[in-house]
Structure formats: structure tokens, C-alpha cells
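An overview of the molecular structure
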Amino acid sequence: MHSLLRCFRSTVALPAFFLAILGVGNVHADWQTHLPEAQVLGEGKLTWLGMHIYSARLWGGEPAQLFAQPFALELTYRREISRERLVKTSLDEIRRLQGRSIPDDRLQRWATEMYQAFDDVSPGEQIIGVHLPGAGTQFYINGQPSHRVADAEFSEAFFAIWLDPKTRSPALRQALLGLER
């Protein structure tokens, strides 16, 4: 029985070891698998009352076709921010930009999704959201898959926080889209 157990361990462990070396076991851990041809379209930082809150980088292909193709927004935080604050601020901005066009029950569902996707952040930590046209958003925290929101309407409303012309930070939007003067 002992030799049978040893044989089982080596039969299972050896292929797992080689798959790990080849990176096969972690195929979906890297957000860039969603956009292998992506380039940095632009980058900037958000400051509030003179404090640097986060640095942002937008990865994608053609800026004119942004929402029709996958893209990623990478936020690297410079301050501690709670998950609750991240969700509340995101919902407030979605409401501000979308007006009353989104029913309260949908906003509540989106809040639940964001609570699953986000975590408290500390300086140096990242949240990356990948827009998947027609499918939703895949979130990553510090490079690791966090949560997928399978709702295309959520994805567009969420990324509008940074990319809509009515964003609270037009300078950051310009920088992200590579439109700085």
C-alpha cells in the first residue's frame, strides 16, 4: 500500500510540476491573455486636494474603437482605501454619469459584484479591470484573477468613470486616451 501511495504521488505531482513550469496551470492568471497585442494608450495620475490617490494606465488597441475591443485599466494605488470606499465611490460616479437610467436593483446587484471583485488596497497595490466587449469585466488584484462581472452594461458604465467625456477628471481621461496637449 505504501508503494502504491508513493507511485500515485509521483504520477500526480510530476505532471503538475511540469505544467507549473510551462505556465499551463495558470493560463487565466495573467490579465494580458485577454489582450495579447495591447499597448499602453496613455497614463496619468489622479490627485485630490493635492494628494496622489493612484496612477492609471490604459492598455488597448485602437482608441477610436475602444469599447468595441478588449482593453484594460490598471490602477496602482498610492493611498490606503477600503473596499467599501472603492465600491461607494464607483457607484456614486456611475449614478452621476448615467443619471436615473439605471434602476436601483441593478445598481445594488453591481454593488454586490464590486464587493466580490475589490479588496482593501494599500500603497503599491493594483486593481486591473479588463473590458470584454459584450461579455463584461474581469478584475485582477495584484495580477491575480479576482472576480468576473458577466454584464456588458456594467462594464461600459464602470469604465465610463474614467473614459466618459463627463468624467470628474478630464485631465486624467485625456492622459489615458493619449490626447494630452
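Since the structure is predicted, the reported quantities are computational estimates derived from the model, not experimental observations. (Residues numbered from 1 in each chain as written. Predicted model: local features only at pLDDT ≥ 70, side-chain atom pairs only at ≥ 80, totals over all residues. Heavy atoms only, no water.)

Each helix and strand counted, the protein chain has five helices and six strands in total. Along the protein chain, helices and strands appear, N-terminal first, in the series α-β-β-β-α-α-β-β-β-α-α. In the protein chain, which comprises 181 residues, the proportion classed as buried is 39%. In the protein chain, of all internal contacts separated by at least 6 residues, the share reaching a separation of at least 24 is 57%. Summing over all exposed atoms, the protein chain offers an accessible surface of approximately 10,700 Å²; the carbon and sulfur share of this is 54%. (Helix = DSSP H or I, 4+ residues; strand = E, 2+ residues; numbered from the N terminus. Buried < 20%, exposed > 50% of the residue type's maximum accessible area, 1.4 Å probe, protein only. Contact = heavy atoms within 4.5 Å. Areas by Shrake-Rupley, 256 points an atom, 1.4 Å probe, with all protein chains shown as cover.)

Right, let's talk about the packing of helix α2 (residues 83-98) against helix α3 (residues 104-117) for a bit. Here α2 crosses α3 at 145 degrees, and the two axes come no closer than 10 Å. Here the hand of the crossing between α2 and α3 comes out right-handed. Note on element contacts: α3 touches α2 through Leu 107, Trp 110, Ala 111, Met 114 and Tyr 115, opposite Arg 83, Glu 84, Val 87, Ser 90, Leu 91, Ile 94 and Arg 95. Taken together, the residues of the contact of α2 with α3 sort by class into eight nonpolar, one polar and three charged. (Axes fitted to C-alpha atoms, helices over the stretch in contact; angles between N-to-C directions. Left-handed = near helix turned anticlockwise from the far one by under 90°. Nonpolar A, V, L, I, M, F, W, Y, C, P; charged D, E, K, R; others polar.)

In this section: the pattern of salt bridges. One side chain can pair with another of opposite charge once the charged atoms of both are near each other. Taken as a whole and judged by the stated rule, the model has eight salt bridges. When the shortest N-O distance is used, the salt bridge between Glu 93 and Arg 168 registers 2.5 Å. With a gap of 75 residues between them, Glu 93 in helix α2 and Arg 168 in the loop between α4 (152-163) and α5 (170-176) connect regions that are remote in the sequence. For Glu 93, a relative accessible area of 9% puts it in the buried group. Look at the salt bridges and you will find they share partners, linking Glu 43, Arg 57 and Glu 74 into a network. (Salt bridge = Lys/Arg side-chain N within 4 Å of Asp/Glu carboxyl O.)

In this model α4 runs 16 Å from its N-terminal to its C-terminal C-alpha over 12 residues, within 8% of the 16 Å that 1.5 Å per residue would give. Of all the 12 residues making up α4, nine are buried; the element is thus mostly covered by neighbouring parts of the structure. The opening residue of α4, the one whose side-chain oxygen lies 2.9 Å from the backbone nitrogen of Glu 153, is Asp 151. (Expected span 1.5 Å × (residues − 1). Polar contact = N/O pair within 3.5 Å; in protein donor to acceptor, adjacent residues only side chain to side chain.)

For the rest of this paragraph, the subject is the confidence of the model for the protein chain. Taken over all residues, the pLDDT of the protein chain has a mean of 83, while the share at 70 or more is 83%. Low pLDDT, under 50, characterises residues 1-29; the predicted model gives this stretch 11 contacts beyond four residues in sequence or across chains. (pLDDT = per-residue confidence, 0-100.)

All right, on to the environment of Val 87 then. Residue placement: Val 87 occurs in helix α2. Look at Val 87 and you get buried, because its relative accessible area is 1%. The spatial distance from the C-alpha of Val 87 to the C-alpha of Asp 119 is 9.6 Å, given a sequence separation of 32 residues. Non-local contacts of Val 87, meaning those with residues more than four positions away in its chain, are made with Ala 111, Met 114, Tyr 115 and Phe 118.

Taking 1.5 Å of rise per residue, 16 residues should cover 22 Å, and α2 covers 22 Å from first to last C-alpha, within 8% of that figure. Taken as a whole, α2 has its buried residues at Leu 86, Val 87, Ser 90, Leu 91, Glu 93, Ile 94 and Leu 97. Here the buried residues of α2 occupy an arc of 165 degrees about the axis, which is enough to place them on one side. Residues of α2 that are buried sit in contact with β3 (71-77), α3, β4 (126-132) and α4. Of the residues one or two after α2, Gly 99 is the one with positive phi, at around 65 degrees. (Arc of directions from axis to C-beta.)

As a further point, take the layout of surface pockets. What the largest pocket holds in volume is close to 810 Å³. Broken down by secondary-structure element, the contributors of at least two residues to the lining of the largest pocket are β1 (39-48), β2 (51-60), β3, α2, β4, α4 and α5. Residue classes in the lining of the largest pocket are distributed as 17 nonpolar, six polar and seven charged. (1 Å grid on protein atoms, 1.4 Å probe; cavity = no way out; pocket = protein on both sides within 12 Å on 5 of 7 lines; lining within 4 Å. Points joined across faces, edges and corners; volume = space filled by probe spheres on them.)

Glancing now at unusual backbone geometry. Of note in this structure, Leu 49 is not a glycine but carries a positive phi near 55 degrees. Position of Leu 49 relative to the elements: it lies in the loop between β1 and β2. Judged by relative accessible area, Leu 49 falls into the exposed class, the value being 69%. The residue Asn 142 is not glycine, and still its phi comes out positive at about 50 degrees. Looking at the element boundaries, Asn 142 is found in the loop between β5 (136-141) and β6 (144-149).

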